[in-house]
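What follows is each chain in one-letter form.
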Amino acid sequence: MSGQEAEDHKDEEGQEDRYRAPALDKGLDIIEMLAGREEGISQAEIAKVLGRKPNEIYRMLDRLVRRGYVIRTSVDQYELSLKIFELGNRHSPFRRLATQALPYLREFAREAKQACHLVVYDRGALTAITQVDAPGYWGFGIRTGSRMDLLNTGSGHVMLAFSSANEREFMLRESEDPGSTISAELAQQLTLVRQQGYEMMPSQQTVGVYNIAVPILANGDKVIAALACPYLQHLDYMNSPSREQVLEQLKYTVAQIMSSGMPENLRMSENITP
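Below: a short report on this structure. For clarity, every value in this text was computed on a predicted model and none was experimentally measured.

What follows covers the packing of aromatic side chains. Under the counting rule described, the total for this entry stands at zero aromatic pairs. Lying across the ring of Tyr 210, Arg 243 places its NZ or CZ 3.8 Å from the centre.

Encoded structure:
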């Protein structure tokens with residue numbers, strides 16, 4: 001943000017800041033400007049972009065470099081470091097989503113007598129951020145931290161079905177198999193998944209298991225996660241819920257999670273950024 005843009009922003013607010021912190025504003029201006037650049041930039045160029053004199057930002061740049069937020073290159077240019085990224089990941093909104101969803105997942109497991117897990121998109125695949133085992137002394141489940149494929153899992157179909165064409169292309173580019181493509185048959189299946197609002201399919205990894213998955217949406221139709229159940233038919237429980245009954249319980253659980261109020265920065269952010 002340039003000096004003039006800062007003044008315009010102040011005017012739009014309709015009032016002057018009561019508690020000004022010029023040095024902090026200067027540092028944030030530098031960080032925000034560097035965040036929008038792919039290459040390094042000199043001190044003089046930074047000053048020009050921000051509409052300030054070079055000596056105004058010299059000390060601020062020095063402090064940002066010493067604190068590790070900015071890197072000074074061998075050719076006297078400045079780049080943003082990964083420190084802000086690291087700090088952001090210490091307080092991930094998805095971690096809070098997992099904590100918030102856990103009581104509802106436990107209730108689902110108790111009622112459905114099935115395991116369940118919550119997954120999010122992560123670098124070309126899916127990662128389970130929390131899970132609950134089925135009650136009793138046996139069951140089948142996904143470990144927290146496990147990574148799953150997009151193309152051959154119920155959760156992956158849900159994430160792809162509720163993503164835009166650009167987002168799908170981005171996710172496939174990031175996948176471990178750079179040659180991954182969506183076949184005509186899968187494209188038809190994804191259309192069906194979006195229309196019906198869920199995926200229910202035989203597991204492509206384990207015989208006898210059905211993948212049932214439902215999307216968790218924000219801002220109306222933005223998919224941010226999927227809640228999934230690897231369904232196994234129980235023979236040792238009387239009146240064990242059917243696949244269709246478990247699907248309805250899964251939908252109800254997602255509705256509870258969404259109505260409970262998801263973390264604000266999760267609702268307003270996009271975990272997929274093409």
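Next comes the rest of the write-up.
To continue, consider empty space enclosed by the protein. The full count for this structure, using the stated rule, is one cavity of 30 Å³ or more. Looking at the largest cavity, the residues that line it are Lys 113, Gln 114, Ala 115, Ala 134, Gly 139, Phe 140, Pro 230, Leu 232 and His 234. Its residues assigned to classes, the lining of the largest cavity comprises five nonpolar, three polar and one charged.

The subject of this paragraph is the environment of Asn 55. Turning to its location among the elements, Asn 55 is positioned in helix α4 (residues 54-66). For the pair formed by Asn 55 and Ala 44, sequence separation is 11 residues and the distance between their alpha carbons is 9.2 Å.

For the rest of this paragraph, the subject is the side chain of Arg 168. Here Arg 168 lies in helix α8 (residues 165-174). At 7.7 Å, Glu 167 is the nearest oppositely charged side chain to Arg 168, a buried residue that forms no salt bridge.

A few words on the environment of Gln 114. Positionally, Gln 114 belongs in the loop between α6 (93-112) and β4 (116-122). On the accessibility criterion, Gln 114 (2% relative accessible area) is buried. Spatially, the C-alpha atoms of Gln 114 and Tyr 231 are 6.4 Å apart, while their sequence positions differ by 117 residues. Ignoring anything within four residues of it in the chain, the contact list for Gln 114 reads Phe 108, Ala 109, Ala 134, Pro 135, Cys 229, Pro 230, Tyr 231, Leu 232, His 234 and Val 246. For Gln 114, the side chain forms a polar contact with the main-chain oxygen of Leu 232, separated by 2.6 Å.

It is worth spelling out unusual backbone geometry at this point. Non-glycine residue Asp 76 carries a positive phi angle of around 60°. By the element assignment, Asp 76 lies in the loop between β2 (70-72) and β3 (77-80). Residue classification places Asp 76 among the partly exposed positions, given a relative accessible area of 45%. The phi torsion at Lys 113 lies on the positive side, around 60°, for a residue other than glycine. With respect to the helices and strands, the residue Lys 113 is situated in the loop between α6 and β4.

Let's shift gears to helix α2 (residues 22-35). In a regular helix each residue adds 1.5 Å, so 14 residues correspond to 20 Å; α2 covers 20 Å between its end C-alpha atoms and thus fits that length. Listed in full, the buried residues belonging to α2 are Lys 26, Gly 27, Asp 29, Ile 30, Ile 31, Met 33 and Leu 34.

Counting 27 residues, the largest nonpolar core has Leu 105, Leu 118 and Leu 227 as its most contacted members. Contributions of two or more residues to this core are made by α6, β4, β8 (210-218), β9 (222-231) and α10 (243-259). With eight residues, the top contributor of residues to this core is α6. Not counting the four nearest positions on each side in its chain, Leu 118 is found in contact with Leu 97, Ala 98, Ala 101, Leu 105, Thr 127, Ala 128, Ile 129, Thr 130, Ile 216, Ala 225, Ala 226 and Leu 227. Counting residues in hydrophobic clusters, the runner-up holds 22 residues, among them Met 148, Val 158, Met 159 and Met 171.

One way to put it is that α2 packs onto α4 with a least axis distance of 10 Å and a crossing angle of 70°. On the basis of their axis angle, the class for α2 and α4 is roughly perpendicular. Across from Ala 23, Lys 26, Gly 27, Ile 30 and Ile 31 in α2, the residues of α4 making contact are Glu 56, Ile 57, Met 60, Leu 61 and Leu 64. For the contact of α2 with α4, the per-class residue count stands at seven nonpolar, one polar and two charged.

Turning our attention to the sheet that holds β3. As a general point, the strands of a sheet are linked pairwise by backbone hydrogen bonds and lie either parallel or antiparallel. Here three strands make up an open sheet; going across it, the order is β1-β3-β2 and the pairing antiparallel. Each edge of the open sheet is held by one strand with a lone partner, namely β1 (41-42) and β2.

If you walk across this open sheet you meet the six strands as β6-β5-β4-β9-β8-β7, and the pairing is antiparallel. Each edge of the sheet is formed by a strand with only one pairing partner; in this case those strands are β6 (147-148) and β7 (199-202). On top of the sheet, α6 reaches β4, β5 (125-132) and β9; it is set at about 55° to β5, its chief contact. Set on the sheet, α10 makes contact with β7, β8 and β9; between it and β8 the angle comes to about 20°.

Here Thr 206 lies in the loop between β7 and β8. Owing to a relative accessible area of 28%, Thr 206 belongs among the partly exposed residues under this scheme. Measuring from C-alpha to C-alpha, the distance between Thr 206 and Pro 230 comes to 9.7 Å, with 24 residues separating the pair along the chain.

What counts and what doesn't
Residues numbered from 1 in each chain as written. Predicted model: local features only at pLDDT ≥ 70, side-chain atom pairs only at ≥ 80, totals over all residues. Heavy atoms only, no water. Phe/Tyr/Trp six-rings, centres within 6.5 Å; stacked < 30°, edge-to-face > 60°. Lys NZ or Arg CZ within 6 Å of the ring centre and 35° of its normal. 1 Å grid on protein atoms, 1.4 Å probe; cavity = no way out; pocket = protein on both sides within 12 Å on 5 of 7 lines; lining within 4 Å. Points joined across faces, edges and corners; volume = space filled by probe spheres on them. Nonpolar A, V, L, I, M, F, W, Y, C, P; charged D, E, K, R; others polar. Helix = DSSP H or I, 4+ residues; strand = E, 2+ residues; numbered from the N terminus. Buried < 20%, exposed > 50% of the residue type's maximum accessible area, 1.4 Å probe, protein only. Lys, Arg positive; Asp, Glu negative; His and termini not counted. Salt bridge = Lys/Arg side-chain N within 4 Å of Asp/Glu carboxyl O. Contact = heavy atoms within 4.5 Å. Polar contact = N/O pair within 3.5 Å; in protein donor to acceptor, adjacent residues only side chain to side chain. Expected span 1.5 Å × (residues − 1). Core = buried A, V, L, I, M, F, W, Y, C linked by side-chain atoms within 4.5 Å. Axes fitted to C-alpha atoms, helices over the stretch in contact; angles between N-to-C directions. Parallel < 35°, antiparallel > 145°, perpendicular 65-115°, else oblique. Pairing = 2+ DSSP bridges.

Any link to function would need more than the numbers given here.
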